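Report on the structure
Residue strings, one per chain:
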Amino acid sequence: MNIQQRRDKVIDAMKEQGVELLLGFHDNGHFIEKPHPVMLLSHFKSVGDSVAMLGADGGLHLITSPAWEAERAAERVPGAVATDDLIGELGRTLQKRKIPGNRIAVAGLAGMPAAFETAVRKLIDGEPKGVDAIVLRETRRKTEEEIGRARRAADIAEKTQEYMLSIVKPGMREDDLAAELRWYSKSLGAEDNFYMMTSGPHSMAVQTPCGRVLEKGDLVIGELTPSYEGQMAQICRTVSLGPASEAVKVKYALLVHAMKKGIAQARPGNRMSQVCNAINAELEAEGYGQYCHPPHIKRRGHGLGFGSGLPGDVAPDNDIVLEEDMFFVIHPNQYLPETGYMMCGEPTLITANGAETLTRDMARLYEVAV
Amino acid sequence: MQTMHSTLLIGHYDWEPQHLPKEEFDARLAELWKRLPANAAAIAAFGDRRSNSELVYLTNFVPKLRDALAIIPRSGEARLYVAGAGNMMPIAARQTWISTPPRPLSEPGKALAEWKAAINAPIAFVGGENLRLALRNSVDELVDAEAARQAGEVIRALMRNKRPRELAVIRQGCAILRAMADKLKEAHGAGRGVTAAVIEAERVGNKMGAQEVRSLLSLDGGRTLRPFLVPVDKVVDPLQAFLSVRFNGYWAEGHVSLSTAANPAADKARAALQGLVGAARAGAKAADLDKKLKDGLAGSREHPVTAGSVGTGIGLSLEEAPRLSVSSGETLQAGDVCSLRAGVSDEGGHHAIVSAMVAVTASGSEVLWSS
């Protein structure tokens, strides 16, 4: 599927609902978990606020900000307009099109700042129809371009992990290590990186990196999530500074084993809940049932932005049916009383034949000599 | 300058009292309470990853991942609420002087309602420009509109007039910016590709303790600017880039124009910037500064990125008061820290943007950094 075919599917859904024009909004806060109608419809990642306008006739128009983004926007969407007055430009464009308010639908508007949403509502003559669910549903499968980007992002993640192993040592600050890895992934082409990382002898969860100084005996846990041209891929890894204890080795092997069981369930026609349940079953069999649920864990993976978060969380209550070209991370990251929190996870693409992990090497426990 | 926001902020965000001690925040709050109406019993400050200046001014806390809300009573203990699980609160606690352990934030309205019930007096509210409509409405129902309006004015005035410790931190940020620009020049001179050169400069900022570094670059000799999206190996000459760095909450920024050959646009822009900086003093009007800039450009066409504005204030945001657009009617005040810009895009196909960070004084301005 390419992006035009994706848009065609959205247009079919628009026509079913009597929608003549879809306005997909996003602000400048690109966040891993926030649906991004502008990127989903245009593959354009804006510096400022933006709106993608998709007509039932198939026409796509983009208005973005600030004004100096004009050329870059037009490279992605010919005829795109960049402005320092997005609301004013949108108003003028809507006036020209003369489409009744009840035939205009919006996606992403509720995620915009209050003043922006209020201004848009004034522009539209009538209550706009919210179609976020339609846009997300029709974008649950990645396009060929997005899958290609996901492969690049996964490659960057693995190379960044290799780089980490070459530099991590006691005495470093967490935030210095994280900044260096973020820089390294950027040097490989990642325009952003959602990198949660925590260190310690017995961590309760992964968090944002801070000024803690790494020590011998720590487990450094992290989820590297580089974005390549707006598509993220995530790997979750655990590194022992110095030899790992026997307990850590045994329990980490259990997590990897559970992850493989989950990956085996990730195939077209299965439900996402089956992936999660397969992971939980392995841990429950070892007596860790109480740690398979909140507050210890609420999901075993998730969709990967920027764009659509579908197919959603790898969770027991997610009954979405897996389809070819869906992409998400499976990560049985887990707190265990003997070891603390440990992380392993792989970016997973659903193919006709089952799950394809986009990494060359699956997670294993890394031990760094100190 | 507007730049691309990151999905997660990574850098030195722990509170560093050697730069901004608790006494600094005590003094800020004392000044705030002095200027607010006596019946304002508490001030609430909201911030997110993108917009957080008021929150940082009062607490030092920069939301790295999700939203945060501080509620500071006129008397009694302040409280920080941070969106996220309970086990993330110890990390949040490292970022602020507020000693009461942070609590998870579900919705700002809920936290405000608890306080409102407890203190039964007006609460002022600042920040929150990115709050979604539903959350905004719930906040507006609980806070005192007039107190919020006054608090907004007061805190903007306080943030605009930089205190000695703030200036000291900004100077350190400018030192990092200088090192980044030097590295960019070195990499460009060594024939590095355009994105590699910019990324090398960013790395210098990281290594010097930045909270965040951001950049824009030009692939077409300075005609347009764009964010980094994919690596571009080609060497671009002239190289036009925008670099910015956040250090202990405060931003420093600069435009850099590098060329191995003569670039008449850069020469004109530099001359115009020099005149602009010379005219920057307390009492100078934005329109007069714009005229000074245009005089300096001597008829050359202004660069589209800088046209219509000679610069803005800079501090806890990349752009804050005073906004020095031609029509703003703003006047410089002693205590302002501004980023002033001059850009040329001439008919001969030459392009350049240069800039300077200045601290405005009663008699002139001190250049903190210049292209």
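Owing to the predicted nature of the structure, the values given are computational and were not obtained by experimental measurement.

Definitions and cut-offs
For every chain, the first residue of its written sequence is number 1, and the numbers climb from 1 along that sequence. Ligands are numbered from 1 and chains lettered from A, in the order in which they are written. Totals for whole chains, interfaces and linings use every residue, but because this is a predicted model, local features are given only for residues with pLDDT of at least 70 and side-chain atom pairs only at 80 or more, for both listing and counting. As a rule here, side-chain values come from all non-hydrogen atoms in the structure, and water together with hydrogens is ignored. Only DSSP runs of H or I reaching four residues or more are called helices, and only runs of E reaching two or more are called strands; each is numbered from the N terminus. The globule rule used here is 2.2 Å times the number of residues to the 0.38 power, and the radius of gyration it is set against is calculated over C-alpha atoms. To sort residues, take the accessible area from a 1.4 Å probe on protein chains only and compare it with the maximum for the residue type: under 20% means buried, over 50% means exposed, and anything in between is partly exposed. Working rule for contacts: check all heavy atoms of both residues, and any pair within 4.5 Å makes them a contact. Using a 1.4 Å probe, the Shrake-Rupley method yields the accessible areas, and only the shown protein chains count as cover for residues. Note that His is not counted, nor are the chain ends; the positive residues are Lys and Arg, and the negative ones are Asp and Glu. To locate a charge, the coordinates of NZ of Lys, CZ of Arg, CG of Asp or CD of Glu are taken. Put simply, buried Ala, Val, Leu, Ile, Met, Phe, Trp, Tyr and Cys residues joined by side-chain atoms within 4.5 Å make one nonpolar core. Once two parts are put together, the accessible area they lose, assessed with a 1.4 Å probe and summed over both, is termed the buried area. One side-chain nitrogen of Lys or Arg within 4 Å of one carboxyl oxygen of Asp or Glu is enough to make a salt bridge. Polar contact is the term for a pair of N or O atoms within 3.5 Å; when the atoms are in protein, one must be able to donate a hydrogen and the other to accept it, and sequence-neighboring residues count only if both atoms are side-chain atoms. Aromatic contacts are taken between Phe, Tyr and Trp rings whose centres are within 6.5 Å, Trp giving its six-membered ring; a plane angle under 30 degrees counts as stacked, one over 60 as edge-to-face, and the others as tilted. The criterion is that NZ of a Lys, or CZ of an Arg, lies within 6 Å of the ring centre and within 35 degrees of the ring normal, and then a charge sits over that ring. Scored between 0 and 100, pLDDT is the confidence that the predictor attaches to each residue. By definition, two strands form a pair when at least two bridges between them are found by DSSP. A fitted line through C-alpha atoms serves as each axis, taken over the contacting stretch for helices, and the angle formed by two N-to-C directions is quoted from 0 to 180°. The start and end points of each domain follow an automatic or database-based domain assignment. Here roughly perpendicular refers to angles of 65 to 115 degrees, roughly parallel to angles under 35, roughly antiparallel to angles over 145, and oblique to all remaining angles. In a left-handed crossing the near helix is turned counterclockwise from the far helix by less than a right angle, and in a right-handed crossing that turn is clockwise. In this classification, the charged set is Asp, Glu, Lys and Arg, the nonpolar set is Ala, Val, Leu, Ile, Met, Phe, Trp, Tyr, Cys and Pro, and all remaining amino acids, among them Gly, are polar.

1. Quick word on the overall build of chain B
Helices and strands together make up the secondary structure of chain B, namely 10 helices and 13 strands. A compact globule built from 371 residues would reach a C-alpha radius of gyration of about 21 Å, and chain B, at 22 Å, matches this within 12%. Buried positions account for 61% of the 371 residues belonging to chain B. For chain B, restricting intrachain contacts to residue pairs at least 6 apart in sequence, the fraction spanning at least 24 positions comes to 65%. For chain B, the computed accessible surface area is about 13300 Å², with 51% contributed by carbon and sulfur atoms. Looking at chain B, you have 44 positive and 40 negative side-chain charges, and the mean spots of the two groups are 1 Å apart.

2. So, the nonpolar core
L177 of chain A together with L32, I43, L58, L184 and M357 of chain B are the most contacted members of the largest nonpolar core, which totals 144 residues. Take this core: its biggest share by element is 10 residues, from helix α7 (residues 164–189) of chain B. Apart from the residues within four sequence positions on either side, L184 of chain B is in contact with A197, V198, A201, L239, A241, L243, V256 and L258 of chain B.

3. Structural notes on the interface of chain A and chain B
Contacts between chain A and chain B engage 56 residues on the former and 47 residues on the latter. In terms of surface lost to chain B, no three residues of chain A exceed W68, W183 and K186 of chain A, which account for 16% of the buried area on that side. For E180 of chain A, the salt bridge goes to R203 of chain B, with nearest N and O atoms at 2.4 Å. Scanning the region where chain A abuts chain B turns up 21 residue pairs in polar contact (both at pLDDT 80 or more).

4. A look at the packing of aromatic side chains
Inspection of the entire model under this criterion finds 7 aromatic pairs over all chains. Their ring planes at 80° and their centres at 5.7 Å tell us that F25 of chain A and F116 of chain A sit as a pair that is edge-to-face. With F25 of chain A in strand β1 (residues 21–26) and F116 of chain A in helix α5 (residues 114–123), this pair connects stretches of sequence that are 91 residues apart. By the ring-pair criterion, three or more aromatic residues cluster together here, those being Y163, W183 and Y184 of chain A. Lying across the ring of W183 of chain A, R203 of chain B places its NZ or CZ 3.8 Å from the centre.

5. Observations regarding the confidence of the model for chain B
Here chain B averages 95 in pLDDT, and 100% of its residues register 70 or above. In the predicted complex, the global pTM is 0.96; the interface-specific ipTM is 0.95.

6. Concerning the pairing of strand β13 (residues 365–370) of chain B
Residues and elements named next belong to chain B. Where strand β12 (residues 351–360) meets β13, 5 bridges bridge the pair, whose relative direction is antiparallel. Its bridge partner lying in β13, V358 is registered against V367. In textbook terms, the turn of a hairpin is the stretch between consecutive antiparallel strands, and for β12 and β13 this stretch comprises 4 residues.

7. Topic: the sheet that holds strand β18 (residues 354–357) of chain A
Residues and elements named next belong to chain A. On the basis of which strands lie adjacent, the open sheet formed by 4 strands has the order β13-β14-β17-β18 and antiparallel pairing. Of all strands in the sheet, those with a lone pairing partner are β13 (301–303) and β18, marking the two edges. For this sheet, the mean angle separating the axes of adjacent strands, direction not counted, is 30°. Sheet topology note: the strand β17 (residues 346–351)/β18 ladder contains 4 bridges and is antiparallel. Looking across to β18, one finds that I350 is bridged to A355.

8. A few points about the domain arrangement of chain B
One widely used convention gives an interface's size as the accessible area the parts lose upon coming together. All names here are of chain B. For chain B, the domain assignment lists domain 1 (22–160) and domain 2 (164–370). Between domain 1 and domain 2, the C-alpha centre-to-centre distance is 32 Å. At the junction of the two partners, domain 1 supplies 10 residues and domain 2 supplies 16 residues. Buried area between domain 1 and domain 2, both sides added, is near 1100 Å², and the carbon and sulfur share of it is 39%. Considering only the surface of domain 1 that becomes buried against domain 2, E24, S53 and R160 emerge as the three largest contributors, covering 54% of it. Summed over the shared surface of domain 1 and domain 2, the result is 4 salt bridges. For R28, the salt bridge identified is with E166, shortest N-O distance 4.0 Å. Here domain 1 is connected to domain 2 by 6 residue pairs in polar contact (both at pLDDT 80 or more). Listing elements by their share of the side of domain 1 that touches domain 2, those giving two or more residues are α1 (22–35), α2 (53–59) and α6 (145–160).

9. What to know about the side chain of R49 of chain B
By secondary structure assignment, the location of R49 of chain B is in the loop between β1 (42–47) and α2. Of the side chains bearing the opposite charge, D192 of chain A lies closest to the buried R49 of chain B, which forms no salt bridge; the N-O distance is 6.3 Å. There is a polar contact of 2.5 Å between the side chain of R49 of chain B and the backbone oxygen of S6 of chain B. Those residues within four positions of R49 of chain B in sequence are excluded, and the remaining contacts are G29, H30 and F31 of chain A together with S6, T7, L9, P63, K64 and L65 of chain B.

10. Observations regarding the packing of α1 of chain B against α6 of chain B
Residue and element names in this part refer to chain B. In contact at an axis separation of 10 Å, α1 and α6 are set at 140° when each is read in the N-to-C sense. It follows that α1 is oblique to α6 by the angle criterion. Relative to α6, the crossing made by α1 is right-handed. Of the residues in α6, those in contact with R28, E31, L32 and R35 of α1 are V154, I155, A157 and L158. Here the contact of α1 with α6 is composed, by residue class, of 5 nonpolar, no polar and 3 charged.

11. Re the domain arrangement of chain A
All names here are of chain A. Once the domains are mapped, chain A shows domain 1 (3–138) and domain 2 (144–368). Relative placement of domain 1 and domain 2: their C-alpha centres are 33 Å apart. In this complex, domain 1 contributes 16 residues to the contact, which on the side of domain 2 involves 18 residues. In total, domain 1 and domain 2 occlude about 1300 Å² of area from one another, counting both sides; carbon and sulfur atoms represent 53% of this.

12. What about the pattern of salt bridges?
Tallying each qualifying case throughout the model produces 56 salt bridges over all chains. A salt bridge links R121 of chain A to E117 of chain A; the shortest N-O distance between them is 3.0 Å. Of this pair, R121 of chain A and E117 of chain A both sit in helix α5, 4 residues apart, roughly one helical turn. Where R94 of chain B meets D14 of chain B, a salt bridge forms, and the shortest distance between an N and an O atom there is 2.9 Å. Note that R94 of chain B is positioned in the loop between α3 (89–93) and β4 (103–104) and D14 of chain B in the segment before α1, a separation of 80 residues in sequence. Classification of R94 of chain B as partly exposed rests on a relative accessible area of 33%. According to the relative accessible area criterion, D14 of chain B is buried, its value standing at 10%.

13. Concerning the pairing of strand β8 (residues 250–258) of chain B
Remember that side chains alternate between the two faces of the sheet whenever the strand is regular. Residue and element names in this part refer to chain B. With 9 of 9 residues buried, β8 is to be regarded as a mostly interior element. Residues Y250, A252, G254, V256 and L258 of β8 are buried on one face, and the alternating residues W251, E253, H255 and S257, pointing to the opposite face, are buried as well. Relative to β8, strand β7 (residues 239–247) runs antiparallel, the two being bridged by 9 bridges. Bridge pairing in β8 links F242 to H255.

14. Some remarks on the sheet that holds strand β7 (residues 192–193) of chain A
Residues and elements named next belong to chain A. The strand order across the open sheet formed by 3 strands is β7-β10-β11, and the pairing between neighbours is antiparallel. If you trace the sheet from one side to the other, it starts and ends with β7 and β11 (231–232), each paired once. Inspection of the sheet shows β7 paired to strand β10 (residues 226–228) by 2 bridges, in the antiparallel sense. Within β10, the position partnered with N193 by the bridge is P226.

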